[in-house]
Amino acid sequence: MSEQTQTDAKLAAVKKRAGRSAVIGAIFLMATSAIGPGFITQTATFTAQMGAAFAFAILVSVLIDIAVQLNIWRMITSSGKRAGELANAAIPFSGHVIAILVVIGGLAFNIGNIAGGGLGLNALLGIDAKIGGLLTAALAIIIFLIKKAGKVMDIVLVVLGVAMIVMTVIVAIVSQPPIGDALRQTFVPDELNFATITTIVGGTVGGYITYSGAHRYLDSGHVGPKHAGPVMRAAANGIVITGIMRYVLFLAILGVVASGVALDLSSQAANPAGQAFGVILGDAGLRIFGAIFWAAALSSVIGAAYTSATFLSTFSKKMRGGWPLQMGTVAFIVVSLLVYLSIGTAPAAILVFVGGFNGLILPIGLTVFMYIGWFRRDLLGTRKYPMWLLIAGTLVTLLTWYMGIVSVGPIFAFLGIGA
């Protein structure tokens, strides 16, 4: 084998590993974006309020998530364009509308993430949640600006993520939830609440989360219609991982609630999920949970700010990278922090509300992409597109519009939980 051939083979191997890493990164980004402090608090809050009936909301949210992500991931990767660019190519200025909504929704998410950081440090160290939020935001900015610190954080987050899964499974086993009732109400609920479904859908696939994994997948270089199969499998894997984690967490909280423990949902220091873990694992469990919750919030602050800031490139090409993008991300975190510090709503209530808010804006962007699927397939590099996927996506779009309309009042009422 010649030296040139060996060099080409090495380069091909490196490119293949980089592509595989980007694909894994896309799945990881979507899953970790969906499993943040909002995800945890929403699940604990609604389980405490609805009991086993919340299982049906989880099932519906997973089905909606799959229909949304399969369509969004496939369209973006097939076209090779980011969401704003693709939308503008189909309907002039619609990409700008989506970008504005994502930035607004990302801001709401980040206010909630900073609130989650405050709750995490409160559970871990006992410090005031406002001070905890300030420290979380400051550290997020430092980590974002120092690349080596970010690599260390990635490792820490993986370790803490595994620890959280293990802790959640332990609590789910020890708390002995009424599994039979939970399984029954997964399909035949005693209570149906569209606001809760809209909220958890928004918390797992709303706002920037809808596009984060697909945008990351573009970095793999595996773009174009011929890669549609692997793209859809990657999207489905990310949603299934999130769905399983949500159901296990639901069972863990349900066991605590079913035993007669009343979780605090209303005070300024309310941390329903942390309280549930503390009941089963004691003070040490509460503090470990606090560390995990804080780490999830810290990573979410950076991820939400960065992904939302990338949508600003729809308005200015200077925001596509380099210092302008970095400064835009830092500014995003600072603004989120200032809003959080200025409002009196309890952190737990904020974390529930932001999921609902992003669930309200989800159908707008989804409508544009369904239009592309039905009428502008030329932008996807092929005239072929699975009819079942279009039908599923269209039905979900109509459902999210309906749920959003009937849920507006109850979702904004979440802000009064801690009033």
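Only a predicted model underlies this, so the values are computations on that prediction, with no experimental measurement involved. (Residues numbered from 1 in each chain as written. Predicted model: local features only at pLDDT ≥ 70, side-chain atom pairs only at ≥ 80, totals over all residues. Heavy atoms only, no water.)

### Structural notes on the overall build of the protein chain
Helix and strand content of the protein chain: 15 helices and zero strands. The proportion of buried residues among the 419 residues of the protein chain is 55%. Put simply, of all contacts in the protein chain between residues at least 6 apart along the chain, 85% involve residues at least 24 apart. As displayed, the protein chain offers around 17100 Å² of accessible surface, 70% of which is attributable to carbon and sulfur atoms. (Helix = DSSP H or I, 4+ residues; strand = E, 2+ residues; numbered from the N terminus. Buried < 20%, exposed > 50% of the residue type's maximum accessible area, 1.4 Å probe, protein only. Contact = heavy atoms within 4.5 Å. Areas by Shrake-Rupley, 256 points an atom, 1.4 Å probe, with all protein chains shown as cover.)

### Description of the pattern of salt bridges
Scanning all chains against the criterion turns up four salt bridges. The closest approach of N and O atoms between Asp 283 and Arg 287, which form a salt bridge, is 3.1 Å. Taken together, the positions of Asp 283 and Arg 287, both in helix α12 (residues 272-310) and four residues apart, correspond to about one turn of that helix. Under the relative-accessibility criterion, Arg 287 is labelled partly exposed at 36%. Of the charged contacts, one joins Asp 378 and Arg 376 as a salt bridge, the two residues approaching to 3.0 Å between their closest N and O atoms. Judged by relative accessible area, Asp 378 falls into the partly exposed class, the value being 39%. On the basis of relative accessibility, which here comes to 21%, the residue Arg 376 falls in the partly exposed class. Through salt bridges with shared partners, one network takes in Asp 181, Arg 184 and Asp 190. (Salt bridge = Lys/Arg side-chain N within 4 Å of Asp/Glu carboxyl O.)

### Quick word on unusual backbone geometry
With a phi close to 75 degrees, Phe 93 is a non-glycine residue in the positive phi region. Along the chain, Phe 93 turns up in the loop between α4 (83-90) and α5 (94-125). Backbone geometry places Gln 176, a non-glycine residue, at a positive phi of 50 degrees. Among the structural elements, Gln 176 can be located in the loop between α7 (147-174) and α8 (179-187). A relative accessible area of 66% means that Gln 176 is categorised as exposed.

### A short note on the confidence of the model for the protein chain
Mean pLDDT over the protein chain stands at 82; residues scoring 70 or higher make up 85%. Confidence, read as mean pLDDT per element, is least for helix α1 (residues 3-34) in the protein chain (51) and greatest for α8 (94). Here residues 6-15 scores under 50 on pLDDT; set against residues more than four positions off or in separate chains, the count is one contact. (pLDDT = per-residue confidence, 0-100.)

### Observations concerning the packing of helix α9 (residues 194-205) against helix α15 (residues 387-413)
The packing of two helices is summarised by the inter-axis angle and the distance between the axes. Running from N to C, α9 and α15 point in directions that differ by 100 degrees, and their axes come no closer than 8 Å. By the criterion of interaxial angle, the relationship of α9 to α15 is roughly perpendicular. Together, Phe 194, Ala 195, Ile 197, Thr 198 and Thr 199 of α9 and Tyr 402, Met 403, Gly 404, Val 406, Ser 407, Pro 410 and Ile 411 of α15 make up the contact between the two elements. A class-by-class count of the residues in the contact of α9 with α15 yields eight nonpolar, four polar and no charged. (Axes fitted to C-alpha atoms, helices over the stretch in contact; angles between N-to-C directions. Parallel < 35°, antiparallel > 145°, perpendicular 65-115°, else oblique. Nonpolar A, V, L, I, M, F, W, Y, C, P; charged D, E, K, R; others polar.)

### Topic: the side chain of Gln 185
Turning to its location among the elements, Gln 185 is positioned in helix α8. For Gln 185, a relative accessible area of 4% corresponds to the buried category. When neighbours within four sequence positions are excluded, Gln 185 is seen to be in contact with Ala 52, Ala 53, Ala 55, Phe 56 and Asp 190.

### Looking at the environment of Val 334
Within the secondary structure, Val 334 is located in helix α13 (residues 322-342). Separated by 197 residues in sequence, Val 334 and Ala 137 have C-alpha atoms that sit 7.4 Å apart.

### Re the nonpolar core
The biggest cluster of nonpolar side chains holds 116 residues, and the ones touching the most others in it are Met 75, Tyr 211, Phe 250 and Phe 369. Residues in contact with Tyr 211, not counting those within four places in the same chain, are Ile 72, Ile 76, Ala 83, Ile 98, Val 102, Phe 311, Gly 365 and Phe 369. (Core = buried A, V, L, I, M, F, W, Y, C linked by side-chain atoms within 4.5 Å.)

### A word on the packing of helix α14 (residues 347-375) against α15
The contact between α14 and α15 brings their axes to 8 Å, and the two run at 150 degrees. In terms of orientation, α14 lies roughly antiparallel with respect to α15. As for how α14 packs across α15, the hand of that crossing is left-handed. In terms of residue class, the contact of α14 with α15 is made up of 17 nonpolar, eight polar and no charged. (Left-handed = near helix turned anticlockwise from the far one by under 90°.)

### As for the packing of aromatic side chains
Taken as a whole and assessed by the stated rule, the structure comprises eleven aromatic pairs. Note that Arg 74 overlies the ring of Tyr 385, its terminal NZ or CZ placed 5.3 Å from the centroid. Across from the ring centre of Tyr 340, 4.4 Å away, lies the NZ or CZ of Lys 130, which sits over that ring. (Phe/Tyr/Trp six-rings, centres within 6.5 Å; stacked < 30°, edge-to-face > 60°. Lys NZ or Arg CZ within 6 Å of the ring centre and 35° of its normal.)

### Overview of helix α6 (residues 129-145)
Compared with the 24 Å implied by 1.5 Å per residue over 17 residues, the 24 Å span of α6 between its first and last C-alpha is a close match. Of the positions making up α6, those classed as buried are Ala 129, Gly 132, Gly 133, Thr 136, Ala 137, Ala 140, Ile 141, Ile 143 and Phe 144. The opening residue of α6, the one whose side-chain oxygen lies 2.9 Å from the backbone nitrogen of Lys 130, is Asp 128. (Expected span 1.5 Å × (residues − 1). Polar contact = N/O pair within 3.5 Å; in protein donor to acceptor, adjacent residues only side chain to side chain.)

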